[in-house]
Amino acid sequence: MLDERKRKILRAIIEDYVSDAEPVGSRTIAKKHNLGISPATIRNEMADLEVLGYLEQPHTSAGRIPSAKGYRFYVDYLMAPRQMSKKDILDISNWYQSKVKRVEEIFQETAKVLSTTTNNISMVLAPQISKCFFKYLQFLPLDERRSVVIIVTNEGLVENKIVEIPEGLMYDDLHRIANCINTRLSGISLDKIKASLLTEIQQDILRDPILFETALQVLQQALTTDDKKRRLYLGGAKEALNQPEFRDIERVKKLLTLLEEEKLLRDILYMDKTDKVSVTIGQESHFTGVNNCSVVKATYRLDGQIVGSVAVLGPTRMEYGKVMTILDFMCCHLSEILNKYKLGQL
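This report concerns the structure included in the present document. Fair warning: this is a prediction, and the values are worked out from it, not measured in the lab.

On to the environment of Glu50, then. Relative to the elements of secondary structure, Glu50 occurs in helix α3 (residues 39-51). Linking Glu50 and Ile65, residues 15 residues apart in sequence, is a C-alpha distance of 9.3 Å. Setting aside chain neighbours within four positions, we find Glu50 in contact with Leu55, Gln57 and Arg64.

Strand order in the open sheet made by the 5 strands is β7-β3-β10-β9-β8, with antiparallel pairing throughout. Of all the strands in the sheet, just β7 (232-235) and β8 (278-281) have a single pairing partner and so form its edges. Along the sheet, successive strands turn relative to each other by an average axial angle of 20°, direction set aside. Where strand β3 (residues 121-125) meets β7, 4 bridges bridge the pair, whose relative direction is antiparallel. By the bridge assignment for β7, Ser122 is matched with Gly235. In the packing of helix α6 (residues 103-118) onto the sheet, the strands contacted are β3, β7, β9 (293-302) and β10 (305-315), and the crossing angle to β7 comes to about 30°.

By the element assignment, Leu334 lies in helix α14 (residues 320-342). Once the C-alpha coordinates of Leu334 and Tyr96 are considered, the two residues, 238 residues apart in sequence, prove to be 9.9 Å apart. Apart from residues no more than four positions distant in its own chain, Leu334 is found in contact with Ile106, Phe107, Thr110, Tyr300 and Val310.

Before going further, it helps to spend a moment on α6. With 16 residues, α6 extends 23 Å between its outermost C-alpha atoms, agreeing within 8% with the 22 Å of an ideal straight helix rising 1.5 Å per residue. A large share of α6 lies buried, amounting to 12 of its 16 residues.

Let us look at the nonpolar core. If you look at the biggest cluster of nonpolar residues, it comprises 57 residues, and the most contacted ones within it are Leu10, Phe107, Val296, Tyr300 and Tyr320. Looking at this core, the element that brings in the most residues is α14, giving 11 residues. If we ignore the near neighbours within four places in the chain, the residues touching Leu10 are Leu2, Leu49, Tyr54, Leu55, Gly70, Phe73 and Leu78.

Summed over all chains, the structure comprises 14 salt bridges. Salt-bridge contacts for Arg72 lead to Glu284; the nearest nitrogen and oxygen are separated by 2.8 Å. On the criterion of sequence distance, the pair formed by Arg72 in helix α4 (residues 68-78) and Glu284 in the loop between β8 and β9 is long-range, its members being 212 residues apart. One salt-bridge network, in which partners are shared between bridges, spans Asp3, Arg5, Lys6, Glu45 and Asp48.

Of all 11 residues making up β10, 10 are buried, and the element is well covered by its neighbours. Pairing of β9 with β10, which is carried by 10 bridges, proceeds in the antiparallel orientation. When the sheet's bridge partners are listed, Arg301 is paired in β10 with Ile306. Taking the residues that link successive antiparallel strands as the turn, the β9-β10 hairpin has 2 residues, and the phi of Asp303 there is positive, at about 55°.

This part takes up the side chain of Ser115. With respect to the element layout, Ser115 can be found in helix α6. Among the polar contacts made by the side chain of Ser115, one reaches the main-chain carbonyl oxygen of Lys112 at a distance of 3.0 Å. Leaving out residues up to four positions away in the same chain, Ser115 has contacts with Asn120, Ser122, Gly235, Gly236 and Glu239.

Relative to strand β5 (residues 146-153), strand β4 (residues 134-141) runs antiparallel, the two being bridged by 7 bridges. Bridge pairing links Phe139 to Val149 in β5. Linking two consecutive strands that pair antiparallel, namely β4 and β5, is a turn of 4 residues.

Moving on to the state of the cysteines. With the rule as written, the count across this model stands at 0 disulfides. Take Cys332: it sits in no disulfide, and the sulfur closest to it among the cysteines is that of Cys331, at 7.1 Å.

This brings us to the packing of aromatic side chains. One pass over the structure, following the stated rule, counts 5 aromatic pairs. For the pair Tyr71 and Tyr320, a centre-to-centre distance of 5.7 Å together with 55° between the ring planes defines the contact as tilted. Highlighted residues: Tyr71 in helix α4 and Tyr320 in helix α14, separated in sequence by 249 residues. Residue Tyr320 is classed as buried on the basis of its relative accessible area of 1%. Every member of this aromatic cluster is reached through a ring pair, and the members are Tyr54, Phe73 and Tyr77.

What follows deals with the packing of helix α1 (residues 4-20) against α3. Put simply, α1 and α3 touch, their axes get as near as 10 Å, and they point 85° apart. The angle between the axes of α1 and α3 places the two elements in the roughly perpendicular class. Contacts from Arg5, Lys6, Ile9, Leu10 and Ile13 in α1 reach Thr41, Ile42, Glu45, Met46, Asp48 and Leu49 in α3. Residue classes in the contact of α1 with α3 are distributed as 6 nonpolar, 1 polar and 4 charged.

What counts and how
- Residues numbered from 1 in each chain as written.
- Predicted model: local features only at pLDDT ≥ 70, side-chain atom pairs only at ≥ 80, totals over all residues.
- Heavy atoms only, no water.
- Helix = DSSP H or I, 4+ residues; strand = E, 2+ residues; numbered from the N terminus.
- Contact = heavy atoms within 4.5 Å.
- Pairing = 2+ DSSP bridges.
- Axes fitted to C-alpha atoms, helices over the stretch in contact; angles between N-to-C directions.
- Expected span 1.5 Å × (residues − 1).
- Buried < 20%, exposed > 50% of the residue type's maximum accessible area, 1.4 Å probe, protein only.
- Core = buried A, V, L, I, M, F, W, Y, C linked by side-chain atoms within 4.5 Å.
- Salt bridge = Lys/Arg side-chain N within 4 Å of Asp/Glu carboxyl O.
- Polar contact = N/O pair within 3.5 Å; in protein donor to acceptor, adjacent residues only side chain to side chain.
- Disulfide = S-S within 2.5 Å.
- Phe/Tyr/Trp six-rings, centres within 6.5 Å; stacked < 30°, edge-to-face > 60°.
- Parallel < 35°, antiparallel > 145°, perpendicular 65-115°, else oblique.
- Nonpolar A, V, L, I, M, F, W, Y, C, P; charged D, E, K, R; others polar.

Structure follows, in structure tokens:
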């Protein structure tokens, strides 16, 4: 553990470097932070902090920058608690009210809000639709020859597809299809709805082949393999590339390559069974390609159960206090919105 003077100096260096992205020297610390000690004393303490592994000296100049170990100590012991301002809370609430019309847009807009407010890459892992239970199917008219079919699960999550209406069919026929399917499939896990089960519906209820083919088409479109995976929403690549760390073209290439590795991103977003915001800094990550970055991650709930996760990915020079506060608020807000959708309040 560090004594109080070293803690103050380390905190000052980290906060200055996060703000300016420039190595911090002893004279700068003495002028800005009024620590009551001379630049020479600060310089000696900085040398000690470098030997202990909390600081690094990128060039031959006197300036230092924090190491991953320094950031870790800052997050665990030095960082002051942050609170969301009333204005930020109101702005985020208004954003959702104006932007969100469908359930999938909740996750899209969450990624946008996070990337905009943190200036880093955001990742949102939506609930796994195939583990939900079928509640009902409904057809909504779009035009004379097309309909939107909506599948609603027990968790209030919605899948929707546009389908062509076969010649000779009316909306009353589609309504009859929906009623038959709802009677037979209600309460069944989506990943258990197979072609054999639909064939039983054809034999027992839907004897008109045209009606059955329409129903089969609807369910196959809505329950494809891609839809059964957890959907991953990304935001903020543009914001991240504006960071000074990514002026190096090689680092940009690595970042863009990372964002194309969907499996890696899903692994990063693997859900911890806790509501606590977690921080992984630099080499602490065992994922290739992320060890020069930091990941701040949290989970969100629906009906009290953890159903997804949200993360912010950026350089180790990150405003950890701000990011952690925003992420914690966003996960609570996301849980609240999802529960309102389930109850039909939005």
